[in-house]
Amino acid sequence: MKNILATPFALTAACGVLLTARAAVPPPEQILASDTIAVLAIPDYSRVLESQKSAPYLQLWRDESMRAFREKFVAKFTKEVIEPVERQLGLKIADYLDLARGQITLAFTRNGWNGTAEPLPGFIALIDTREKSELLAKNLAEVRKKLTESGQTLKSERIRDVEFTTLPVEVPDGPKFQLSFGQAGTV
């Protein structure tokens, strides 16, 4: 299990990837903590991607009349969010986007949140990589090595027999969050 991504606020981001060689991925209610307050689960991401190619909202997004807006939005998001995070982590997020194959679960957890600004709810993304598990393991090992060599302070802990590495991330004039990543074999 690995947790990933955070919102543009001070969320704790736990990035989870379920690497399942042979076993079925358990449903979200068996994986997530009891303080989970909202869940969105996609049972088969590959199938959803295929079926969404002709979805109306994607047709609108790709429409020529949206070109100026789309390009401006993507450029600004890339410059202000993606690039600073990539610089700090020393990796390209695009290298990880193709790893999602099976179930994807997005969830918000209470994370000590009581309805006020601090702390904010936690965000968790669990991603089944199926046959890409070896590539993910290799990529995560490289990330840990790069971060350690660059002097980043990493914290490691075990959660349900899965080793997680946590790194505090600060985007200049932007969000502060923790990025935790790890992997599990057959869950």
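For the structure itself, consult the block above.
Residues numbered from 1 in each chain as written. Predicted model: local features only at pLDDT ≥ 70, side-chain atom pairs only at ≥ 80, totals over all residues. Heavy atoms only, no water.

Got a sec to walk through the overall build of the protein? Specific residues and values, please.
A tally of helices and strands in the protein yields 6 helices and 7 strands. Listing the helices and strands of the protein from first to last along the sequence gives β-α-β-α-α-α-α-β-β-α-β-β-β. Contacts in the protein between residues far apart in sequence, at least 24 positions, make up 63% of those at least 6 positions apart. A total accessible area of about 11500 Å² is found for the protein, and carbon and sulfur atoms account for 57% of it. (Helix = DSSP H or I, 4+ residues; strand = E, 2+ residues; numbered from the N terminus. Contact = heavy atoms within 4.5 Å. Areas by Shrake-Rupley, 256 points an atom, 1.4 Å probe, with all protein chains shown as cover.)

Can you tell me about the packing of aromatic side chains, naming the residues and giving the values?
Tallying each qualifying case throughout the model produces 4 aromatic pairs. Look at tryptophan 61 and phenylalanine 73: their rings are 6.1 Å apart centre to centre, the planes differ by 90°, and that puts the pair in the edge-to-face class. In this pair, tryptophan 61 sits in helix H3 (residues 56–62) while phenylalanine 73 sits in helix H4 (residues 67–89), placing the two residues 12 residues apart along the sequence. Among the aromatic side chains, those forming a connected cluster through ring pairs are Trp61, Phe69, Phe73 and Phe77. (Phe/Tyr/Trp six-rings, centres within 6.5 Å; stacked < 30°, edge-to-face > 60°.)

Any chance you could break down the nonpolar core for me, citing the residues and the numbers?
In terms of nonpolar packing, the biggest core is built from 9 residues, these being Val85, Leu89, Leu91, Tyr96, Leu99, Leu136, Leu140, Val143 and Leu147. Put simply, the parts of the chain that give this core at least two residues each are H4 and helix H6 (133–149). Formed by 6 residues, the second largest nonpolar core is a distinct cluster that contains Val25, Ile31, Ile124 and Leu126. (Core = buried A, V, L, I, M, F, W, Y, C linked by side-chain atoms within 4.5 Å. Buried < 20%, exposed > 50% of the residue type's maximum accessible area, 1.4 Å probe, protein only.)

Lay out unusual backbone geometry in plain terms, naming residues and giving numbers.
Glycine aside, residues mostly have negative phi angles, and peptide bonds mostly take the trans form. For arginine 130, which is not a glycine, the phi torsion comes out positive at approximately 45°. Examined against the element boundaries, arginine 130 turns out to sit in the loop between strand S4 (122–128) and H6. On the basis of relative accessibility, which here comes to 32%, the residue arginine 130 falls in the partly exposed class.

Can you lay out a nonpolar patch on the surface for me, pointing to particular residues and giving the numbers?
On the surface, Phe69, Phe73, Val74 and Phe77 cluster together into a nonpolar patch covering about 390 Å² of accessible area. Within the secondary structure, phenylalanine 69 is located in helix H4. When its relative accessible area of 48% is taken as the criterion, phenylalanine 69 is described as partly exposed. (Patch = residues over 30% accessible without salt bridge, like charges linked within 9 Å, V, L, I, M, F, W, Y side chains within 5 Å. Salt bridge = Lys/Arg side-chain N within 4 Å of Asp/Glu carboxyl O.)

Describe the pattern of salt bridges, naming the residues involved and giving the relevant values.
Per the counting criterion, the structure on display carries 11 salt bridges. Its salt-bridge partner being arginine 67, residue glutamate 64 comes within 3.3 Å of it at the nearest N-O pair. Judged by its relative accessible area of 53%, glutamate 64 falls in the exposed class. In this structure, aspartate 98 engages lysine 132 in a salt bridge whose closest nitrogen and oxygen atoms are separated by 3.6 Å. Taken together, the residues aspartate 98 in the loop between helix H5 (94–97) and strand S3 (104–109) and lysine 132 in the loop between S4 and H6 connect sequence positions 34 residues apart. Given the relative accessible area of 47%, aspartate 98 is considered partly exposed. Put simply, Asp98, Arg101, Glu131 and Lys132 are held in one network by salt bridges that share partners.

Which residues make up the side chain of glutamate 86, and what values do they have?
Relative to the helices and strands, glutamate 86 is located in helix H4. Residue classification places glutamate 86 among the buried residues on the basis of a relative accessible area of 12%. Here the side chain of glutamate 86 touches isoleucine 93 through a polar contact of 2.8 Å, landing on its backbone nitrogen. (Polar contact = N/O pair within 3.5 Å; in protein donor to acceptor, adjacent residues only side chain to side chain.)

Describe in detail the pairing of S4, supporting the description with residues and values.
Counted residue by residue, S4 has 7 buried out of 7 residues, so it is predominantly covered. Residues Gly122, Ile124, Leu126 and Asp128 line one face of S4 and the alternating positions Phe123, Ala125 and Ile127 line the opposite face, and both faces are buried. Of the strand pairs in this sheet, S3 and S4 are connected by 6 bridges, and their pairing is antiparallel. The residue bridging phenylalanine 108 from the neighbouring strand is phenylalanine 123, located in S4. (Pairing = 2+ DSSP bridges.)

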